Amino acid sequence: SAVISQKPSRDICQRGTSLTIQCQVDSQVTMMFWYRQQPGQSLTLIATANQGSEATYESGFVIDKFPISRPNLTFSTLTVSNMSPEDSSIYLCSAWRGTFEQYFGPGTRLTVT
Amino acid sequence: AQTVTQSQPEMSVQEAETVTLSCTYDTSESDYYLFWYKQPPSRQMILVIRQEAYKQQNATENRFSVNFQKAAKSFSLKISDSQLGDAAMYFCAYRGHGSSNTGKLIFGQGTTLQVKP
């Protein structure tokens, strides 16, 4: 198994500012993913974070708005840039070793005022 | 593109009884993986059960079992002897296999399960 921690667990931010969310895995993983989830709704994949290369973004998500770093095999960050109230959501990090299970972090609840 | 559909936004079950959550999916691939995840109010996603499409036998994990109908592209979750701790949002998810297995999960809309004492 893998244990994933995220920082911060929640934050309230002002419009126009940026927030960086950290995701730490307790062991090396192949892929890391960032999801967005509105409360009570499904998960939408933002991007896949690859170590040593640029992240791969899903349709509707761009690097300027959601820059991602993956400096090593256990850590990744997601920045939500120039935030607006529409960015208020839960952001989840997940990790995959190339086997069956994908592990999830506890999420970061972001509120933009 | 693959899609996953959960047509039951909410379900309720009496404690100790059995409930079935529905999931259908669409894919042109012959090999893939299907999962059921549980998300309690704590937000922590927990893997409940998985099914490999190449296996005909339905997966079972204690009180949780699936009814996998490959031709119908249906993957339902049965929870037996429901417990109060089963109350959560349940997500059905799809992942490709082989060269199309990038690790990406495609999630359904989710079903909120209420367990009544």
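Throughout this document, residue positions are counted from 1 along each chain, in the order its sequence is written. Written order determines the labels here, with chains lettered from A and ligands numbered from 1. Side-chain atom pairs in this predicted model are given and counted only at pLDDT of 80 or more, local residue features only at pLDDT of at least 70, and totals for whole chains, interfaces and linings cover all residues. Only heavy atoms go into the side-chain values, all of them from the structure, while hydrogens and water stay out.

What follows deals with the overall build of chain B. Within chain B one finds 0 helices and 12 strands. Based on C-alpha atoms, the radius of gyration is set beside the globule rule, defined as 2.2 Å times the residue count to the power 0.38. Here the C-alpha radius of gyration of chain B, 14 Å, is about what a compact globule of 117 residues would show, namely 13 Å. Along the three orthogonal principal directions, the C-alpha set of chain B runs to about 45 × 30 × 20 Å. Think of it in three bands: residues with accessible area under 20% of the maximum for their type are buried, residues over 50% are exposed, and the middle band is partly exposed, with areas taken using a 1.4 Å probe on protein chains only. For chain B, with 117 residues in total, the buried portion stands at 49%. The numbering of helices and of strands both runs from the N terminus, where a helix is a DSSP run of H or I of at least 4 residues and a strand a run of E of at least 2.

Counting its secondary structure elements, chain A contains 0 helices and 11 strands. The linear arrangement of helices and strands in chain A, starting from the amino end, is β-β-β-β-β-β-β-β-β-β-β. Over its C-alpha atoms chain A spans a radius of gyration of 13 Å, differing by no more than 12% from the 13 Å that the globule rule assigns to 113 residues. The C-alpha extent of chain A, read off along each of the three principal axes, is 40 × 25 × 20 Å. Buried residues in chain A amount to 50% of all 113 residues.

Residues and elements named next belong to chain B. Disulfide assignment relies on a single distance test, namely cysteine sulfur atoms paired within 2.5 Å. Taken as a whole and judged by the stated rule, the model has 2 disulfides over all chains. One disulfide in the model links Cys23 with Cys92; its S-S distance is 2.0 Å. Measuring the twist about the S-S bond at about -70 degrees, one finds the Cys23-Cys92 disulfide to be left-handed. One end of the pair, Cys23, is in the loop between strand 3 (19–21) and strand 4 (24–26); the other, Cys92, is in strand 10 (residues 88–96), and 69 residues separate them in sequence. Among the residues examined, Cys92 registers a relative accessible area of 0% and is labelled buried.

Another point: the side chain of Ser84 of chain A. All names here are of chain A. Looking at the element boundaries, Ser84 is found in the loop between strand 8 (75–80) and strand 9 (89–96). A 3.5 Å cut-off defines polar contacts: any pair of N or O atoms within that distance qualifies, except that in protein one atom must be a possible hydrogen donor and the other a possible acceptor, and neighbouring residues in sequence count only when both atoms are side-chain atoms. Engagement of the side chain of Ser84 in a polar contact is seen with the side chain of Glu86, the distance being 2.9 Å. Dropping the residues within four chain positions of it, Ser84 is found in contact with Arg15, Lys65 and Val112. Note on definitions: a residue-residue contact is assigned when non-hydrogen atoms from the two residues lie within 4.5 Å.

What follows is about the environment of Thr48 of chain A. Position of Thr48 of chain A among the secondary structure elements: in strand 5 (residues 43–49). With 14 residues separating them in the primary sequence, Thr48 of chain A and Trp34 of chain A have C-alpha atoms 6.6 Å apart. Dropping the residues within four chain positions of it, Thr48 of chain A is found in contact with Met31, Met32, Phe33, Ala55 and Thr56 of chain A together with Lys104 of chain B.

By salt bridge we mean one thing: a side-chain nitrogen of Lys or Arg within 4 Å of a carboxyl oxygen of Asp or Glu. According to the stated counting rule, one finds 6 salt bridges over all chains in the structure shown. Here Glu58 of chain A ties to Lys104 of chain B by a salt bridge, and the two come within 3.1 Å at their closest N and O atoms. Of this pair, Glu58 of chain A sits in the loop between strand 6 (56–57) and strand 7 (68–72) while Lys104 of chain B sits in the loop between strand 10 and strand 11 (106–107), on two different chains. Given a relative accessible area of 30%, Lys104 of chain B falls into the partly exposed group. Measuring nitrogen to oxygen at the nearest pair gives 3.9 Å for the salt bridge that ties Glu52 of chain B to Arg50 of chain B.

Let us now look at the interface of chain B and chain A. Counting residues at the interface gives 22 residues for chain B and 26 residues for chain A. Carbon and sulfur atoms supply 53% of the area buried between chain B and chain A, which totals about 1,800 Å² over both sides. Of all residues in chain B, Arg43, Lys104 and Phe107 of chain B bury the most surface against chain A, accounting for 31% of the area lost on that side. Listing elements by their share of the side of chain B that touches chain A, those giving two or more residues are strand 5 (32–39), strand 6 (46–52) and strand 10 of chain B. The biggest single contributor to the side of chain B that touches chain A is strand 5 of chain B, with 4 residues. Looking at side-chain class alone, the side of chain B that touches chain A contains 9 nonpolar, 8 polar and 5 charged residues. Buried area: the sum, over both parts, of the accessible surface (1.4 Å probe) that disappears when the two are put together. Gly is placed with the polar residues, together with every amino acid not listed as nonpolar (Ala, Val, Leu, Ile, Met, Phe, Trp, Tyr, Cys and Pro) or charged (Asp, Glu, Lys and Arg).

Turning our attention to the sheet that holds strand 3 (residues 19–25) of chain A. All names here are of chain A. Note on pairing: two strands pair once DSSP finds at least 2 bridges between them. If you walk across this open sheet you meet the 4 strands as 1-3-8-7, and the pairing is antiparallel. Lying at the two open borders of the sheet, with one neighbouring strand each, are strand 1 (4–7) and strand 7. Across the sheet, the mean angle separating the axes of adjacent strands is 15 degrees when strand polarity is ignored. In terms of strand pairing, strand 3 meets strand 8 through 6 bridges, oriented antiparallel. Its bridge partner being in strand 8, Gln24 is matched across the sheet by Phe75. Angles here are taken between N-to-C directions and fall from 0 to 180 degrees, while the axes themselves are lines fitted to C-alpha atoms, restricted in helices to the stretch in contact.

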